[in-house]
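Observations on chain architecture
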Protein chains: 2
Amino acid sequence: MRLLDGKALGETIKGEIAEQVAAMVADGERQPHLAAVLVGNDGASETYVRSKVQSCERVGFASTLLRLPETVSEADLLKTIRNLNDNPDIDGFIVQLPLPRHIRDQAILQAIDPRKDVDGFHPVNVGRMTLGLPSYLPATPYGIMTLLDRYGVETAGAHAVVLGRSAIVGTPMSILLSRNSKPGNCTVTLCHSRSRELPALCRQADILIAALGIPGYVTADMVRDGAAVIDVGITRIPDASRPSGYRLSGDVAFDQVAPKCSWITPVPGGVGPMTVTSLLLNTLQASKRTVSS
Amino acid sequence: MRLLDGKALGETIKGEIAEQVAAMVADGERQPHLAAVLVGNDGASETYVRSKVQSCERVGFASTLLRLPETVSEADLLKTIRNLNDNPDIDGFIVQLPLPRHIRDQAILQAIDPRKDVDGFHPVNVGRMTLGLPSYLPATPYGIMTLLDRYGVETAGAHAVVLGRSAIVGTPMSILLSRNSKPGNCTVTLCHSRSRELPALCRQADILIAALGIPGYVTADMVRDGAAVIDVGITRIPDASRPSGYRLSGDVAFDQVAPKCSWITPVPGGVGPMTVTSLLLNTLQASKRTVSS
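Residues numbered from 1 in each chain as written. Chains lettered and ligands numbered in written order. Predicted model: local features only at pLDDT ≥ 70, side-chain atom pairs only at ≥ 80, totals over all residues.

Okay, the overall build of chain A next. When its secondary structure is counted, chain A shows ten helices and eleven strands. In summary, chain A has a C-alpha radius of gyration of 19 Å against a globular reference of 19 Å for 293 residues, a match within 12%. Overall, the C-alpha framework of chain A stretches about 55 × 45 × 35 Å when taken along its three principal axes. Classification of the 293 residues of chain A by burial places 49% in the buried group. Considering only residue pairs separated by 6 or more positions, chain A has 67% of its internal contacts joining residues 24 or more positions apart. (Helix = DSSP H or I, 4+ residues; strand = E, 2+ residues; numbered from the N terminus. Rg over C-alpha atoms; globule rule 2.2 N^0.38 Å. Buried ≥ 20, exposed ≤ 12 C-beta atoms within 10 Å, placed from the backbone. Contact = placed C-beta atoms within 7 Å.)

Okay, structure coming up:
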């Protein structure tokens, strides 16, 4: 069993990005610039956004954090987005989800200029991804594809089973793994809450992607010997013994599953750090204007 | 075994559309108007476009056929498309594929106003479909979903196996069957030329969608008893005994497979007629401006 170490790979890739940025700046180019919009004071959102801003600093990007109050109107948030769309100093930006209930997610996400949509959530980018055209890939699937690629996990002809059909993880993951590219060319089975006989489906997987958000769901009996297991789950479990008051749990019962695997991601330190890295890669692309939309 | 009779269902739906159009016109509204652009003189394309235009007449739509020579430049074709985008009398239009080699398909398809893209090929519509937002669905998958819906084929929790990952059939089919809707909620396995052990995968299917374009590929040993089988293949096989000089063959060896099935589509008369019906349904929607893009 070998670890797919997202923390280490993320650091390696950040180092590569930092070198590219240093070279760009030495050539007289502007540093890439990512903006993040944070509405309200949700604890997890604060943590994620802070991590993204710190990562920008780490690689030499400029970053801007725009904070708006929980009570901001949809119209005012849309105005903020239009300003970011029109601001030539901003290469890409994200709006941290979830948004307050009085704001429609889709109205916001669709207002983002697809050329600056480094989260890859705009319908134009989702459509371009589905059609196999150059696009900003959503961060989590992009991070998993990068893990598979850099660690040399064989995907062509493999049977990948994806648990969970969310718009930001499971569905795009199934699309990316099935297409004719490297990594890719998997036979892909997409499963979800309505699927029957999930354990038997999981046992067919050469590559198992767990993105259900159910801690410890995947047990050893559901995993074929030699499978590669990717754990996207990251649930906060109350834990009074920790200073934070919680611990993070993946969808995979790591201790019992790991011995059966060829490859496995730890939680934390697997998929999580790769999502931030993906955001940086998308922003670097945005600054080079290499993805047309 | 029961037939999924696309020819009969297509006629039924055309009758329903004709009633709606008659009611619209009686209310003083304009009749829906579809335009088709045909470049060159490909025999199959001529047949398809003629069938689409005739179907428009059948349901009371206005239709316009724009013919351009094989030698038309990409720039001139783009100009034609801009004119159609800007023409308020045209509700929706299609550009018949394939295009001559000197014209880039994607440049053309992406120039179509997504609000008039009744073939559902524009990245915005593909993305909206993938995200589960209202959109124009590509005609063949839409036709298959309509067949499953109108004949009451149970899909929730079923295992659907899709053979073929094309951008216009297999991939969108896998997306539509997996999403949380009715029809939908299938566990979906998407297979293709790089898939291993295809017969064993096919035998898992409660619903088998064959879209490989390989005549007679699916044989009886690949089909589970009681499966619903949808045959998208429609290959012209030279046949001197026919006046046309060819016969049409599906991907399924119908005679041996049909006795095992709960439902099966014939070829011709199954999926084919439903694709034209889907185009009419999309055009009707376009005329009502019910899909925002």
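Attention shifts here to the sheet that holds strand E2 (residues 33–39) of chain B. Residues and elements named next belong to chain B. Taken in spatial order, the three strands of this open sheet run E3-E2-E4, and their pairing is parallel. Across the chains shown, the open sheet's two edge strands, defined by having one partner strand only, are strand E3 (62–68) and strand E4 (92–95). Strand after strand, the sheet turns through a mean of 15° between neighbouring axes, direction not considered. Both E2 and E4 contribute to a ladder of four bridges, which runs parallel. Residue pairing for E4: Leu34 is matched across the bridge by Gly92. On top of the sheet, helix H2 (residues 43–59) reaches E2 and E3; it is set at about 165° to E2, its chief contact. (Pairing = 2+ DSSP bridges. Axes fitted to C-alpha atoms, helices over the stretch in contact; angles between N-to-C directions.)

Opposite the 27 residues of chain A that make contact, chain B presents 27 residues. Only helix H5 (123–130), helix H7 (170–178) and strand E6 (187–191) of chain A provide two or more residues apiece to the side of chain A that touches chain B. With seven residues, H5 of chain A is the single largest residue contributor to the side of chain A that touches chain B. Broken down by class, the residue content of the side of chain A that touches chain B amounts to eleven nonpolar, eleven polar and five charged. Of the strand pairs in this sheet, E6 of chain A and strand E6 (residues 187–191) of chain B are connected by three bridges, and their pairing is antiparallel. Pairing of Leu190 of chain A across the sheet is with Val188 of chain B, part of E6 of chain B. (Nonpolar A, V, L, I, M, F, W, Y, C, P; charged D, E, K, R; others polar.)

Before going further, it helps to spend a moment on helix H10 (residues 271–288) of chain A. If you check H10 of chain A, its first and last C-alpha atoms are 26 Å apart, about what 18 residues at 1.5 Å a residue would give, namely 26 Å. Phi turns positive one or two residues past the end of H10 of chain A, at Arg289 of chain A, with a value near 55°. (Expected span 1.5 Å × (residues − 1).)

For the rest of this paragraph, the subject is the pairing of strand E2 (residues 33–39) of chain A. All names here are of chain A. Of all seven residues in E2, seven are buried, a share of seventy percent or more. Taking every second residue as pointing to the same face, both faces of E2 are buried, with His33, Ala35, Val37 and Val39 on one and Leu34, Ala36 and Leu38 on the other. Across seven bridges, the pairing between E2 and strand E3 (residues 62–68) is parallel. In the sheet register, Leu38 faces E3, and the bridge partner there is Arg67. As for the winding sense of the linkage, the β-α-β connection from E2 through helix H2 (residues 43–59) to E3 is right-handed. (Right-handed = clockwise from strand over helix to strand, strands pointing away.)

Our next topic: the packing of helix H6 (residues 139–150) of chain B against helix H7 (residues 170–178) of chain B. Residue and element names in this part refer to chain B. Packing of H6 against H7 brings their axes to within 9 Å, and their N-to-C directions diverge by 35°. In this structure, H6 crosses over H7, and the sense of that crossing is right-handed. Contacts from Pro141, Ile144 and Met145 in H6 reach Pro172, Met173 and Leu176 in H7. By residue class, the composition of the contact of H6 with H7 is six nonpolar, no polar and no charged. (Left-handed = near helix turned anticlockwise from the far one by under 90°.)

Let us now look at the relation of the copies chain A and chain B. Screw-axis analysis of chain A against chain B gives a translation of 0.0 Å along the axis, an RMSD of 0.0 Å, and a rotation angle of 180°. Such a combination of turn and shift is consistent with a two-fold rotation axis. (Least-squares fit on C-alpha atoms with pLDDT ≥ 70 in both.)

With that settled, the discussion passes to the domain arrangement of chain A. Size of an interface: often given as the accessible area lost when the parts come together. If you check the domain split of chain A, you get domain 1 (28–120) and domain 2 (139–272). For domain 1 of chain A and domain 2 of chain A, the distance between their C-alpha centroids amounts to 28 Å. (Domains from an automatic or database assignment.)

All names here are of chain A. Pairing is parallel across the open sheet formed by three strands, whose spatial order is E3-E2-E4. Two strands bound the open sheet, and with one partner strand each, they are E3 and strand E4 (92–95). The average undirected angle you get between the axes of adjacent strands in this sheet is 15°. Packed on one face of the sheet, H2 meets E2 and E3 and runs near 165° to E2.

All names here are of chain A. Over its 21 residues, helix H1 (residues 6–26) runs 30 Å from end to end, which matches the ideal 30 Å to within 8%, given 1.5 Å per residue. Those residues of H1 that fall on the buried side of the exposure criterion are Gly6, Leu9, Gly10, Ile13, Ile17 and Val21. Relative to the axis of H1, the buried residues are bounded by an arc of 110° and lie together on one face. Exposed side of H1, more than 90 degrees from the buried face: Ala8, Gly15, Glu19, Ala23 and Ala26 are the residues found there. Trailing H1 by a residue or two, Gly28 shows a phi angle of about 85°, which is positive. (Arc of directions from axis to C-beta.)

Here we come to the nonpolar core. With 162 residues, the main nonpolar core has Leu208 and Ile209 of chain A together with Leu208 and Ile209 of chain B as its most contacted residues. Among all residues touching Leu208 of chain B, those that are not within four sequence positions of it are Val161, Cys202, Val218, Val223, Ala227, Val229 and Ile230 of chain B. (Core = buried A, V, L, I, M, F, W, Y, C linked by C-beta atoms within 7 Å.)

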